[in-house]
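Residues per chain are reported as follows:
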Amino acid sequence: MRLVAWLTVPATSMRTHMCGELRREHIGSTVSVCGWVARRREHGEHLAFVDVRDHAGVVQCVVDNSVDVRSEYVVRITGIVRERPEGTVNPNLPTGEIELGECQVEILRTAAPPPFPIDARADEVDENIRLQYRYLDLRRERMQKNLRVRAAINSAVRASMEAQGFVEVETPMLVPSTPEGAREFLVPSRKEPGSFYALPQSPQLFKQLLMVAGVDRYYQIARCLRDEDLRADRQYEFMQLDAEMSFVNQDDVLGAISEAVLAAAEAATGERPPEIERMTWHDAMNRFGVDKPDLRFGIELTELTDAFAATEFKAFATAPSIKGICVPGVAADYGRNQLDKLTDRAKSLGAKGLVWLKAVAGDDLQIAFESPVAKFLSASEVEAVATRLGVVEGDLVLVVADEWETTCEVLGQLRNDLGRPPVHEGPYRYVWVVDFPMFVGRDAETGAPKPGHHPFTQPHPDDLDQLETDPMSVRSQAYDLVLNGWELGSGSIRIHQSDLQRRIFSVLGISEEEANRKFGFFLNPFDYGAPPHGGFAFGLDRLVAILAGEENIREVIAYPKTQSGADPMTNSPLPVAAAQLDQLGIRVLPPAAKG
RNA sequence: GGUCCCGUGGUGAAGUCUGGAGUUCACGCCGGCCUGUCAAGCCGGAGGUCGCGGGUUCAAGUCCCGUCGGGACCGCCA
């Protein structure tokens, strides 16, 4: 973190320095600082220590105790920087070697006692109260840091994109409602009562049309809005680095976005991460059981299907896919009760069951397993599990047998449950997940394949032949960027050829008439000359949160909403006056009667 | 739409399982003392509709039902 940059704020008519920037080198100079009273320590009639805080830090001011300053008063203090007397240096404070003496105190504004302490203790305060008094919460060092990490990342992203020839174009906030995708926020039209704009869930349409327009490389730090339920990593409103490029292939896009992400990471942490590795979707599922693998820890899924080819254990005998994970050293921590809970968890994730094996010492330095199914396992099967998973005494082995995808998903979730470190721990592990399947699942009614990314994604060139014959095996040119198990964002190479687009619609079971009705406004402009193009968008809130060591994106958003979508500070959302609704031609239904 | 956790002076917690006077602890606040502290110290004080509503009971912060608010997750987020 470039803390130094935060300390150097130009002097104003009221202050010469920031509180937090004063050091030994300033000894002897007369300075003025402005800020909030962080703490006051009184020592008799004529001595008090007042810690004054601004965003750069705190400095101790020695004042006459007759001056009545209290917590969070806004003050301007003029004094002489001097060395602290021997034995009174505070090594815990960057300004701890000096203090301000002979202080003149000017009270710029008195303050009521804050509802919670403006320091690290507020980390424990009910989040609702922090949000209600967000302006006080933001006054704290942690939140000031988060705001500034965010600003540094935004700035680095802009610089990187511009250095690569991207041009920032702003797209509208009032856009048409689109039939597919996330639920939208609607904005009523006053001039056309009954008609509505939508707030953009992303600038997708507009950025692709900028490619048709010949902009070549577009980017925007764009606000996106989705009316879906909120989570630790999801808000109604969030920011994306949105980008689109012409005359490119997948490598070109990944290269450009990698550059911006690495520049952002360097700005936030001071260290440029190594080149971002790539992994196919299939590898990610096979080894980690998720399409957003957290590479900070092991416990990889290990293939066991062939080892049980001739097993007597019925649940394993017929399963298409058998895999296991080995959680090191925790066998003793899991009693029958917790193991039952793990089994329930596996079942709720879709598995038929879960086999657990505790590694214990066997004969001849061999590993043996303590497990309800141990008696069904042959010596060679035990040997295979122990060897392939690298099991040592005290490990807990979990095995799932099911369809390949279910086996992977269940074990992947258990792997995260049992092994995933908190976000602020360990290295940053970026990974591009590529070669996503073109189609995921089938429509329950029509049986047609459903698009994995969106219906305008280019299939993988090697798989074009299978599009009609074996659509589920077709890979797409869609890709995700993942950091420490969080999906930062996704993108794809788009279809710019009308014949290929028609083939995709046909596979999806969308008629030409329906395609025109639903997507014509988007695709017809392509007939005027769409260049080959592709793009990407990633969530800045998530990137900032991880780089700031926060588990929750609310901590890196100045004014976030609660899980129910409310803002405790402004009390929004609120009812509006009837006259306002009349003007918009809107009538609100009474709340539905509860049954 | 669903599952789970939480709600006690301004703040954080204990008390709830096993009902018995608004009880306790820390911080903050107010007043006093205090000339080298630094989350100062010492003495004194004020401050609560135990989220809200209903029920059971001689008696409810505590048990039951409902409801509101907050959080984690599933669904959802092409």
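From a predicted model like this one, the values you see are computed outputs, not experimental measurements. (Residues numbered from 1 in each chain as written. Chains lettered and ligands numbered in written order. Predicted model: local features only at pLDDT ≥ 70, side-chain atom pairs only at ≥ 80, totals over all residues. Heavy atoms only, no water.)

1. Quick notes on the packing of aromatic side chains
Here is step 1 of the chain: The final tally for this structure, using the stated rule, is 16 aromatic pairs.
Here is step 2 of the chain: Centre to centre, the rings of F308 and F316 are 4.8 Å apart; their planes meet at 70°, and the pair counts as edge-to-face. Note on accessibility: F308 and F316 belong to one class, buried.
Here is step 3 of the chain: Through pairs of rings, three or more aromatic residues link up here, namely F456, F505, F519, F522 and F526.
Here is step 4 of the chain: Positioned above the aromatic ring of F297 is the side chain of R415, whose terminal nitrogen or guanidinium carbon lies 3.8 Å from the ring centre. (Phe/Tyr/Trp six-rings, centres within 6.5 Å; stacked < 30°, edge-to-face > 60°. Buried < 20%, exposed > 50% of the residue type's maximum accessible area, 1.4 Å probe, protein only. Lys NZ or Arg CZ within 6 Å of the ring centre and 35° of its normal.)

2. A few points about the protein's contact with RNA strand B
Here is step 1 of the chain: Around RNA strand B lies a shell of 43 residues, among which R39, E42, T88, R121 and H453 are the nearest.
Here is step 2 of the chain: Of what RNA strand B places within 4 Å of the protein, 53% of the atoms are sugar or phosphate.
Here is step 3 of the chain: One of the backbone N or O atoms of A232 is found 3.4 Å from a phosphate oxygen in RNA strand B.
Here is step 4 of the chain: Within the side chain of R554, a nitrogen or oxygen atom sits 3.0 Å from a phosphate oxygen of RNA strand B.
Here is step 5 of the chain: Residue assignment for the surface near RNA strand B shows that the elements contributing at least two residues are β1 (30-42) and α2 (127-132). (Near = heavy atom within 4 Å. Polar contact = N/O pair within 3.5 Å; in protein donor to acceptor, adjacent residues only side chain to side chain. Helix = DSSP H or I, 4+ residues; strand = E, 2+ residues; numbered from the N terminus.)

3. Brief notes about the pairing of strand β10 (residues 237-246)
Here is step 1 of the chain: In terms of residue burial, β10 counts as a mostly covered element, since nine of its ten residues are buried.
Here is step 2 of the chain: Here strand β9 (residues 217-225) runs beside β10; their pairing, made up of nine bridges, is antiparallel. Directly across from Y218, in β10, lies its bridge partner E244.
Here is step 3 of the chain: Pairing of β10 with strand β22 (residues 533-539) involves seven bridges; the strand directions are antiparallel. Of the residues in β22, the one forming a bridge with D242 is A537. (Pairing = 2+ DSSP bridges.)

4. What to know about the nonpolar core
Here is step 1 of the chain: Judged by nonpolar contacts, the single largest core of 45 residues is most densely connected at I153, W432, F538 and L543.
Here is step 2 of the chain: With ten residues, the top contributor of residues to this core is helix α6 (residues 250-269).
Here is step 3 of the chain: Once residues within four sequence positions are removed from consideration, L543 is found in contact with I153, A264, Y430, L483, L488 and F538.
Here is step 4 of the chain: Ranked by size, the runner-up nonpolar core spans 32 residues in total, among them L301, I325, A346 and L398. (Core = buried A, V, L, I, M, F, W, Y, C linked by side-chain atoms within 4.5 Å. Contact = heavy atoms within 4.5 Å.)

5. Notes on unusual backbone geometry
Here is step 1 of the chain: Cis rather than trans, the peptide bond between S572 and P573 has omega equal to 0°.
Here is step 2 of the chain: Among the secondary structure elements, P573 is positioned in the loop between α15 (540-547) and α16 (578-584).
Here is step 3 of the chain: Look at E102: it is not a glycine, yet its phi comes out positive at around 50°.
Here is step 4 of the chain: Along the chain, E102 falls in strand β5 (residues 98-109).
Here is step 5 of the chain: Positive phi, normally seen in glycine, also occurs at F247, with a value near 55°.
Here is step 6 of the chain: You can call F247 exposed: its relative accessible area is 59%.

6. Looking at α6
Here is step 1 of the chain: With 20 residues, α6 should reach 28 Å at 1.5 Å per residue; the first-to-last C-alpha distance of 28 Å fits that figure.
Here is step 2 of the chain: The N-cap of α6, judged by a side-chain oxygen 3.0 Å from the amide nitrogen of D251 a few residues on, is N249.
Here is step 3 of the chain: Within two residues after α6, G270 carries a phi angle of roughly 85°, on the positive side. (Expected span 1.5 Å × (residues − 1).)

7. Comments concerning the pairing of β1
Where a strand is regular, its side chains alternate between the two sheet faces.
Here is step 1 of the chain: Of the pairings in the sheet, the one linking β1 to strand β4 (residues 74-83) comprises seven bridges and is antiparallel in character. Bridged to S32 within β4 is T78.

8. Details of the pattern of salt bridges
Here is step 1 of the chain: Under the definition given, this model contains 45 salt bridges.
Here is step 2 of the chain: The closest approach of N and O atoms between D306 and R388, which form a salt bridge, is 2.8 Å. Of this pair, D306 sits in the loop between β12 (302-303) and α8 (314-317) while R388 sits in helix α10 (residues 379-388); the two residues are 82 residues apart in sequence, bridging distant segments of the chain.
Here is step 3 of the chain: Overall, the relative accessible area of 37% leaves R388 in the partly exposed class.
Here is step 4 of the chain: Taking the shortest distance from any N to any O, the salt bridge between R503 and E468 comes out at 2.9 Å. In this pair, R503 is assigned in helix α13 (residues 498-507) and E468 in helix α12 (residues 466-469), connecting sequence segments 35 residues apart.
Here is step 5 of the chain: The exposure class of R503 is partly exposed, given its relative accessible area of 30%.
Here is step 6 of the chain: Accessibility expressed as a relative area gives 43% for E468, which makes it partly exposed.
Here is step 7 of the chain: What you see here is one network of salt bridges that share partners, running through D123, R130, R134, D137, R140, R142, E550 and E555. (Salt bridge = Lys/Arg side-chain N within 4 Å of Asp/Glu carboxyl O.)

9. Here's the deal with the confidence of the model for chain A
Here is step 1 of the chain: Confidence along chain A averages 92 in pLDDT terms, with 98% of residues attaining 70 or more.
Here is step 2 of the chain: The model gives residues 1-5 a pLDDT under 50, and that stretch makes six contacts with residues more than four places away or in other chains.
Here is step 3 of the chain: Confidence estimates for the predicted assembly give a pTM of 0.94 and an ipTM of 0.94. (pLDDT = per-residue confidence, 0-100.)

10. A short note on the sheet that holds strand β16 (residues 396-402)
Here is step 1 of the chain: Across the sheet, five strands lie side by side as β12-β13-β16-β14-β15; this open sheet has antiparallel pairing. Strand pairing shows two members of the sheet lacking a second neighbour, β12 and β15 (367-370), which therefore form its edges.
Here is step 2 of the chain: Note: strand β14 (residues 355-361) against β16, four bridges, orientation antiparallel. By the bridge assignment, K358 is partnered in β16 with L396.

11. Here's the deal with the sheet that holds strand β11 (residues 277-280)
Here is step 1 of the chain: The strand order across the open sheet built from eight strands is β6-β9-β10-β22-β21-β20-β17-β11, with neighbouring strands paired in mixed fashion. Of all strands in the sheet, those bounded by a partner on one side alone are β6 (167-168) and β11.
Here is step 2 of the chain: Bridge count between strand β20 (residues 478-483) and strand β21 (residues 486-493): six bridges; the pairing is antiparallel. Its bridge partner being in β21, L483 is matched across the sheet by W486.
Here is step 3 of the chain: Seen against the sheet, helix α4 (residues 141-163) touches β6, β9 and β10 and runs at an angle of roughly 150° to β9.
Here is step 4 of the chain: Lying on the sheet, helix α7 (residues 281-288) is in contact with β11 and β17 (430-434); it crosses β11 at an angle near 80°. (Axes fitted to C-alpha atoms, helices over the stretch in contact; angles between N-to-C directions.)

12. Here's the deal with the environment of T171
Here is step 1 of the chain: With respect to the secondary-structure elements, T171 resides in the loop between β6 and β7 (186-188).
Here is step 2 of the chain: Accessibility expressed as a relative area gives 16% for T171, which makes it buried.
Here is step 3 of the chain: With residues up to four places along the chain from it excluded, the contact list for T171 reads P203, F206, Y218 and Q220.
Here is step 4 of the chain: A polar side-chain atom of T171 sits 3.0 Å from a polar atom in the side chain of Q220.

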